[in-house]
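For reference, the chains in residue letters:
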Amino acid sequence: MACSDNTVRAGLTPKFIDVPTLCAMLDYRCRTVDENKFTPVQQGGAGGAGVSVYDPAVPDFSVLRVELAAGEMDYTLPLVDSASILLTVQGEADAYSGSLGEEPIYVTRGTVLFISAG
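Residues numbered from 1 in each chain as written. Predicted model: local features only at pLDDT ≥ 70, side-chain atom pairs only at ≥ 80, totals over all residues. Heavy atoms only, no water.

Each helix and strand in the protein chain was counted, giving two helices and seven strands. Counting helices and strands in the order they occur from the N terminus, the protein chain gives α-α-β-β-β-β-β-β-β. Counting all 118 residues of the protein chain, 8% fall into the buried class. By element, 57% of the accessible surface of the protein chain is carried by carbon and sulfur atoms, the whole surface being about 10,000 Å². (Helix = DSSP H or I, 4+ residues; strand = E, 2+ residues; numbered from the N terminus. Buried < 20%, exposed > 50% of the residue type's maximum accessible area, 1.4 Å probe, protein only. Areas by Shrake-Rupley, 256 points an atom, 1.4 Å probe, with all protein chains shown as cover.)

Structural data, given as C-alpha cells:
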C-alpha cells in the first residue's frame, strides 16, 4: 500500500495546510462521469475466469476483478510484489493459501481477506 508522505491537507486539521501546493494541483476542467472512469483491460483468466484489470497511473495500486463462469470452481490469484486485499462481493467459495495450511477459509459476500506480498 502507498505511503502517505505526500499528503496535501485541505483543511479541518490543526496540521500544516499548504494552500499554494493545493491550488496548483487542483483541476477545474469539467468532465463527464465516463471521462473520469478507469477503463479496465480485459484479460483471460485461468479456467475461463473473466479478469478485468483497473490500473490507474499509480505505481503501487491496481484492482483485479475476477468473475468465475457458472459452474467454475477454481481460480488461482497471480503472485504480486505487494500486499493485497480480497473482497468478496457476490457468491461463495472456499479460499486456500499455502501460508494458512490445508484448512480452507469460507468466503461469501462481504468477506475481506488480507493477502501478504508474494
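A few words on the sheet that holds strand S2 (residues 50–54). Pairing in this open sheet of three strands is antiparallel, and the strands run S1-S2-S3 from one edge to the other. Two strands in the sheet have a free side with no partner beyond their single neighbour: strand S1 (41–44) and strand S3 (63–67). Going from strand to strand, the sheet's axes swing by 25° on average, the running direction of each strand aside. By the bridge criterion, four bridges tie S1 to S2 in an arrangement that is antiparallel. By the bridge assignment, Gly44 is partnered in S2 with Gly50. (Pairing = 2+ DSSP bridges. Axes fitted to C-alpha atoms, helices over the stretch in contact; angles between N-to-C directions.)

This brings us to the environment of Ser62. Checked against the element boundaries, Ser62 lands in the loop between S2 and S3. Here Ser62 falls in the partly exposed class, since its relative accessible area comes to 39%. It is 9.6 Å that separates the C-alpha atoms of Ser62 and Ser84, two residues lying 22 residues apart in sequence. Dropping the residues within four chain positions of it, Ser62 is found in contact with Tyr54, Asp55 and Pro56. (Contact = heavy atoms within 4.5 Å.)

What follows concerns the environment of Pro40. If you trace the backbone, Pro40 turns up in the loop between helix H2 (33–36) and S1. Classification of Pro40 by relative accessible area gives partly exposed; the value is 24%. Residue contacts for Pro40: discarding those within four places in its chain leaves Ser52, Val53 and Tyr54.

It is worth spelling out unusual backbone geometry at this point. Of note, the phi angle at Leu12 is positive, near 55°, even though the residue is not glycine. Counting through the fold element by element, Leu12 comes out in the segment before helix H1 (19–25).

Here the focus is a nonpolar patch on the surface. Nonpolar side chains collect at one region of the surface, where Ile85, Leu87, Val89, Val112 and Phe114 lie side by side and expose about 550 Å² of accessible area between them. Contributions of two or more residues to the nonpolar patch are made by strand S4 (84–87) and strand S7 (112–115). With respect to the helices, strands and loops of the structure, Val89 is situated in the loop between S4 and strand S5 (92–95). (Patch = residues over 30% accessible without salt bridge, like charges linked within 9 Å, V, L, I, M, F, W, Y side chains within 5 Å. Salt bridge = Lys/Arg side-chain N within 4 Å of Asp/Glu carboxyl O.)

Attention now moves to the pattern of salt bridges. Across all of its chains, the model carries four salt bridges by this definition. For Asp27, the salt bridge is made with Arg29, and the minimal N-O distance between the two is 2.8 Å. We classify Asp27 as partly exposed; its relative accessible area is 39%.

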